[in-house]
Amino acid sequence: MTEELDLLKKAWKNDAHVYEQVTENQIYKMIHKRSSSIVKWILMISIAELILWAGISLFTVDDNYLKTLEMYHIATLFKILGVVNYIIVFIFIFIFYKNFKTISTTDTVKKLMSSIIKTRKTVQYYIWYNLAMFAVIFIIVVISQITYDPNINSVFENAKDSNPQAFWIVIGLTYFVLFAVTFGLFWLFYRLIYGFLMRRLHKNYEELKKMDF
């Protein structure tokens, strides 16, 4: 579709007097179709992502996992966070669906540009939300682990008799590296998947800005 759009633009430039109105309409239709397809992919990927994480949760939650949460005193908190998270993700998916329907039925350049801007902002909020939720969960788990895990508490007690400052530095660096690597992987996932689609949407927006309707 990109090659076809480039050919139309070249034809428009080569013979503007003959093809101006025709090619402008054709280019708009191509951009409109391409934008609608991109937003559809955003919707489908967000749904697939929800199913993926739900499936992982379903197959990884066992008695040992639940006992660990109880030991860390965060079982109830995690249930609440889980419900809140699903509600918010469903809201985002609904907004993606609305964006897709809006773009699909848009019939003017200005409306299409406005819809593209709204869609890109929604995707950015969605990415920020997921990364923030991961950070919050990671911090909660770390604090609870350090506070309630008997094995870690035992290590802490032994460290007091040797070099507590060095121990806390090692612990802090270990958790920091673990967080940085895991957070970086999540960021990279969203950057590759959603970032690619958002760049294509931005390209469509820039093409629309050049058109004179």
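Residues numbered from 1 in each chain as written. Predicted model: local features only at pLDDT ≥ 70, side-chain atom pairs only at ≥ 80, totals over all residues. Heavy atoms only, no water.

Moving on, we get to the packing of aromatic side chains. The full count for this structure, using the stated rule, is 16 aromatic pairs. Arranged with centres 5.3 Å apart and planes meeting at 70 degrees, the rings of Phe-92 and Tyr-126 form a pair that is edge-to-face. Taken together, the residues span a long stretch of sequence, with Phe-92 in helix H4 (residues 75–105) and Tyr-126 in helix H5 (residues 109–148) at a distance of 34 residues. Exposure class is identical for Phe-92 and Tyr-126. Each is buried. Note on Tyr-190 and Tyr-194: the rings are 5.8 Å apart at their centroids and 25 degrees apart in plane angle, and the pair reads as stacked. Of this pair, Tyr-190 and Tyr-194 both sit in helix H7 (residues 164–209), 4 residues apart, roughly one helical turn. In terms of burial, Tyr-190 and Tyr-194 fall into one category: buried. Among the aromatic residues, those joined into a cluster by ring pairs are Phe-92, Phe-96, Tyr-126, Tyr-129, Phe-189, Tyr-190 and Tyr-194. (Phe/Tyr/Trp six-rings, centres within 6.5 Å; stacked < 30°, edge-to-face > 60°. Helix = DSSP H or I, 4+ residues; strand = E, 2+ residues; numbered from the N terminus. Buried < 20%, exposed > 50% of the residue type's maximum accessible area, 1.4 Å probe, protein only.)

On to the pattern of salt bridges. Counted according to the given criterion, the structure contains 1 salt bridge. The partner of Lys-209 in a salt bridge is Glu-206, with the nearest N and O atoms 3.9 Å apart. Here Lys-209 and its partner Glu-206 are both found in helix H7, 3 residues apart, which amounts to about one turn of the helix. (Salt bridge = Lys/Arg side-chain N within 4 Å of Asp/Glu carboxyl O.)

Attention now moves to the nonpolar core. Across soluble globular proteins, nonpolar side chains show a tendency to be buried alongside one another. Judged by nonpolar contacts, the single largest core of 32 residues is most densely connected at Ile-42, Phe-96, Leu-112, Val-123, Ile-127, Tyr-194 and Leu-208. Residue assignment for this core shows that the elements contributing at least two residues are helix H2 (16–60), H4, H5 and H7. With 10 residues, the top contributor of residues to this core is H5. In this structure Leu-112 touches Tyr-28, Ile-31, His-32, Ser-35, Ile-103, Thr-106 and Leu-208, once residues within four positions along its chain are discounted. (Core = buried A, V, L, I, M, F, W, Y, C linked by side-chain atoms within 4.5 Å. Contact = heavy atoms within 4.5 Å.)

With that out of the way, let us pick up unusual backbone geometry. Of note, His-73 is a non-glycine position whose phi angle comes to about 60 degrees, a positive value. For His-73, the position within the fold is in the loop between helix H3 (63–71) and H4. We classify His-73 as exposed; its relative accessible area is 56%.

It is worth spelling out the environment of Ile-140 at this point. Counting through the fold element by element, Ile-140 comes out in helix H5. Along the sequence, Ile-140 and Tyr-72 sit 68 residues apart, while their C-alpha atoms lie 9.6 Å from each other. Ignoring sequence-local partners within four residues, the contact set of Ile-140 consists of Ile-74, Leu-77, Phe-78 and Leu-81.

By the secondary structure assignment, Asp-149 is in the loop between H5 and helix H6 (150–160). A polar atom in the side chain of Asp-149 sits 2.7 Å from the side chain of Tyr-72. Apart from residues lying up to four places away in sequence, Asp-149 is in contact with Met-71, Tyr-72 and Ser-144. (Polar contact = N/O pair within 3.5 Å; in protein donor to acceptor, adjacent residues only side chain to side chain.)

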